[in-house]
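# Close look at the chain arrangement
The residues making up each chain are set out below.
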Amino acid sequence: MIKTAIIGYGYMGEIRRRVALEHPHLDLQMVCETNPDRTKSLTDVKVVTDPREIIESDAELVYVCTPNNLIPELTIECMKRGKHVFAEKPPGRCLQDILDMREQEKASPEVKLMFGFNHRYHPGVMRARSLINSGQFGKVLWLRGLYGKSGGKNFGESWRNQKNISGGGILLDQGIHMLDLFNYYCGGFDDVKAFISNDHWKFPVEDNAFLILRNKERQFATLHSSATFWKHRFQIDIGLEGGYMTVEGLLSKSGSYGRETLKLARKQFEDETDAVGNPAEEITYFDRDLSWKIEADKITKAILEDKPIEESSSEDAMKVMQTIEAAYKDDDWKVELDK
Amino acid sequence: MEISIINNNMLSGDIKPSGELEDYKTKVKADIKKYLEPALGTSNCPTCGSAKTSRTFTKYEIGFAVCADCLSMYAKDRPSQDALNRFFREGEARKFWNDKLWAHTKDVRLEKILLPLAKWVDVHLQEYCQTDKPKVAELYPANNGLQEAFAKLGHQDGFEYIEPIFPGGSGKEMKDVSGAEYDAICLMDALSRVEKPKDVLQWTVDHVKPGGLVFVTTFFSTGIDVMTLAENSDTVLPPDRINLFSYEGMLKWVDQFNLDAIEISTPGVLDVQNLQRSSAELPEFLKYMLRDRGDAKLLTNFQNFIQTNALSSHGRLVLQKKG
């Protein structure tokens, strides 16, 4: 059993706790949360308010589920003491944060560091990847991602819109998942063009981001990441040599992103003069989300078998932060953060 | 759990040309008389074991019943497995099927049925299998099974495909597989055509590794064409289909065998066509919708509705052995 602790008991901390309690290899011992209202119902685990108590404890694995500005320092301090860390995304507020964490990771080769790029393990996303990897559809030509939400009634009060806590807006908070999926499907992207805006909500962070990406294999991707989608939307279209796929909807607690489906079809013609433009589609609906468990399985397996983290690694985290920073830079979007 | 919807523009006549189908049926009737009638026993519902029936009918001299408890449809006059093996190995109907019907429709069947099945198996093996070279077996397949389709996927080196095996059977097809364990076992239409489907499923579960997969295609008595047409449905075709499970009955089996249901779909594409083509009288509304109106878009939408809501008579399941 791996002695486990959680720092930060908000939305994500609750999920990680639930998964840890059900996991055969995790022994959840402590939860740290500064807001006592959030932890008053917890009776089966030791509750503390100072993260140092966890950092100094004998916990072997720590879930860092705090706001972005706290993630780097907590992660680094845990790793210094030989603790494995699972940190939520984004990996800090800026590229330098993940670079600092990677430096500590290198100095602590015995620890495992994994990040919460959970969307990789959604069933529709994984199925698309299996199909891509099977080679049945040929090479990926392009990707198109739409990911956005409406914000909501008290959007302005969320820490996610306070730049010194979050480091950025919707692109960093949510679009990062889509950028990670782009890398998941295509390995990475080298060139970035972007338009970034906060025209609607007028917070100091972006509420819309439009990106175009390209890599050396001449695969292209576009992303619209938005906090002004009045209908919540998750959709990734994948164009391949031999057909296309669309993952639409996302299994979630609220269900607001719609039922998770994978639609796919094969190209039905060779000669353009015979173009039909409406190939027969196969649709798969997914009703079971095992993504949280899969993440726990992956870090647990890496710890128990002393294997490297191969997915949702710090390198994956660094790649998406490089893209985000390049996007901000391309549109001269300034996010100046207090240290 | 996954539910799959398929649109493959397949026509019933593509895989069962009507002239040859009628010839085949004539030979089936003759072979039933020769091989099965002398070896008929009586059976309770093979799905739930109940003796209560809500209706009975006869098809090709074999008595069928609909279970009053679970709605499965089954041959109450039940041929022994030995008799079934002889029917499938020696009968004129099977010879006609292989030499004529299969031979004339092989390309379409490969493209529209077998290759998609092989890809379906393949993609799930990729996601769920722990090994790079999974051992895959097939039980009681129709024709030559999926071997050719897997070969077309280029998996000769990719995984170990075990030739069809007949547990508890006899004759040269029997392979000594005692103690063998597989990463996946395919039961493509197998459970519909065996004397004791529950035993076959038990054997399958016993010989799949923990975490391994069971792929099932089967026929549901709760599918629209079977429920509407019953003995007039070509889906009810002894002895290939002497067990048509209800959707709910199959769900209970998944539970009883302690399996995880990764997918339960009814992605059949021919229900609406079967209803349209049948000479049987349809309920008024269905007749109006399918024959009188017969609008192509309506028919497609209706078939999609049937698929989406697990109401087709053609079902497929991906089950995972726990542990």
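Quick summary incoming for the structure in this document. None of these values were measured; they are calculated from a predicted model.

All names here are of chain B. Taken in spatial order, the 4 strands make up an open sheet running β3-β4-β5-β11, and their pairing is antiparallel. At either margin of the open sheet sits one strand with a lone partner, and together these are β3 (53-59) and β11 (243-244). Of the pairings in the sheet, the one linking β3 to strand β4 (residues 62-67) comprises 6 bridges and is antiparallel in character. Bridging across to β4, T56 finds its partner in A65.

The next thing to look at is the interface of chain B and chain A. Contacts between chain B and chain A engage 21 residues on the former and 19 residues on the latter. Between chain B and chain A the total buried area reaches about 1,600 Å² when both faces are included, carbon and sulfur atoms providing 43% of it. Broken down residue by residue, the surface that chain B buries against chain A is led by B:M1, B:I3 and B:E127, which jointly contribute 28%. Our count for the contact surface shared by chain B and chain A stands at 4 salt bridges. Note that A:R127 and B:E127 form a salt bridge whose closest N and O atoms lie 2.4 Å from each other. Across the chain B-chain A interface, the total number found is 9 residue pairs in polar contact (both at pLDDT 80 or more). When residues of the side of chain B that touches chain A are traced back to their parent elements, those giving at least two are β1 (2-6), α4 (92-128) and β12 (259-265) of chain B. Ranked by residues supplied to the side of chain B that touches chain A, first place goes to α4(B) with 7 residues. A breakdown of the residues in the side of chain B that touches chain A according to their chemical character gives 8 nonpolar, 7 polar and 6 charged.

This paragraph deals with the sheet that holds strand β3 (residues 46-48) of chain A. Residue and element names in this part refer to chain A. On the basis of which strands lie adjacent, the open sheet formed by 6 strands has the order β3-β2-β1-β4-β5-β6 and parallel pairing. The two strands at the open ends of the sheet, each matched to only one other strand, are β3 and β6 (113-115). The sheet shows a mean angle of 20° between the axes of neighbouring strands, taken without regard to direction. Sheet topology note: the strand β5 (residues 84-87)/β6 ladder contains 3 bridges and is parallel.

We now examine unusual backbone geometry. A:K89 connects to A:P90 through a cis peptide bond whose omega is -5°. The topology assignment puts A:P90 in the loop between β5 and α5 (95-107). The omega torsion across B:P238 and B:P239 is -10°, close enough to zero to call that bond cis. The phi angle at A:K202 is positive, at roughly 60°, despite the residue not being glycine. Relative to the elements of secondary structure, A:K202 occurs in the loop between β8 (191-197) and β9 (208-214).

With that settled, the discussion passes to the pattern of salt bridges. Under the definition given, this model contains 42 salt bridges over all chains. Close ionic contact of A:E77 with A:R81 constitutes a salt bridge, the shortest N to O distance being 2.9 Å. Since its relative accessible area comes to 35%, A:R81 is described here as partly exposed. Linking B:K287 and B:D292 is a salt bridge whose minimum nitrogen-to-oxygen distance equals 3.6 Å. Residue class for B:D292 comes out partly exposed when judged on its relative accessible area of 49%. Linked by salt bridges that have partners in common, A:R52, A:E56, A:E77, A:K80 and A:R81 make up one network.

One can describe the packing of helix α6 (residues 123-134) of chain A onto α4(B) by two numbers: an axis separation of 9 Å at closest approach and a directional angle of 110°. Classified by the angle between their axes, α6(A) and α4(B) sit roughly perpendicular to one another. Considering how the two elements wind past one another, α6(A) and α4(B) form a crossing that is right-handed. Note on element contacts: α4(B) touches α6(A) through B:D122, B:V123, B:H124, B:Q126, B:E127 and B:Y128, opposite A:M126, A:R127, A:S130, A:L131, A:N133 and A:S134. Among the residues forming the contact of α6(A) with α4(B), the class breakdown is 4 nonpolar, 5 polar and 3 charged.

Cut-off values and rules
Residues numbered from 1 in each chain as written. Chains lettered and ligands numbered in written order. Predicted model: local features only at pLDDT ≥ 70, side-chain atom pairs only at ≥ 80, totals over all residues. Heavy atoms only, no water. Pairing = 2+ DSSP bridges. Helix = DSSP H or I, 4+ residues; strand = E, 2+ residues; numbered from the N terminus. Contact = heavy atoms within 4.5 Å. Buried area = accessible area lost by both parts, 1.4 Å probe. Salt bridge = Lys/Arg side-chain N within 4 Å of Asp/Glu carboxyl O. Polar contact = N/O pair within 3.5 Å; in protein donor to acceptor, adjacent residues only side chain to side chain. Nonpolar A, V, L, I, M, F, W, Y, C, P; charged D, E, K, R; others polar. Axes fitted to C-alpha atoms, helices over the stretch in contact; angles between N-to-C directions. Buried < 20%, exposed > 50% of the residue type's maximum accessible area, 1.4 Å probe, protein only. Parallel < 35°, antiparallel > 145°, perpendicular 65-115°, else oblique. Left-handed = near helix turned anticlockwise from the far one by under 90°.

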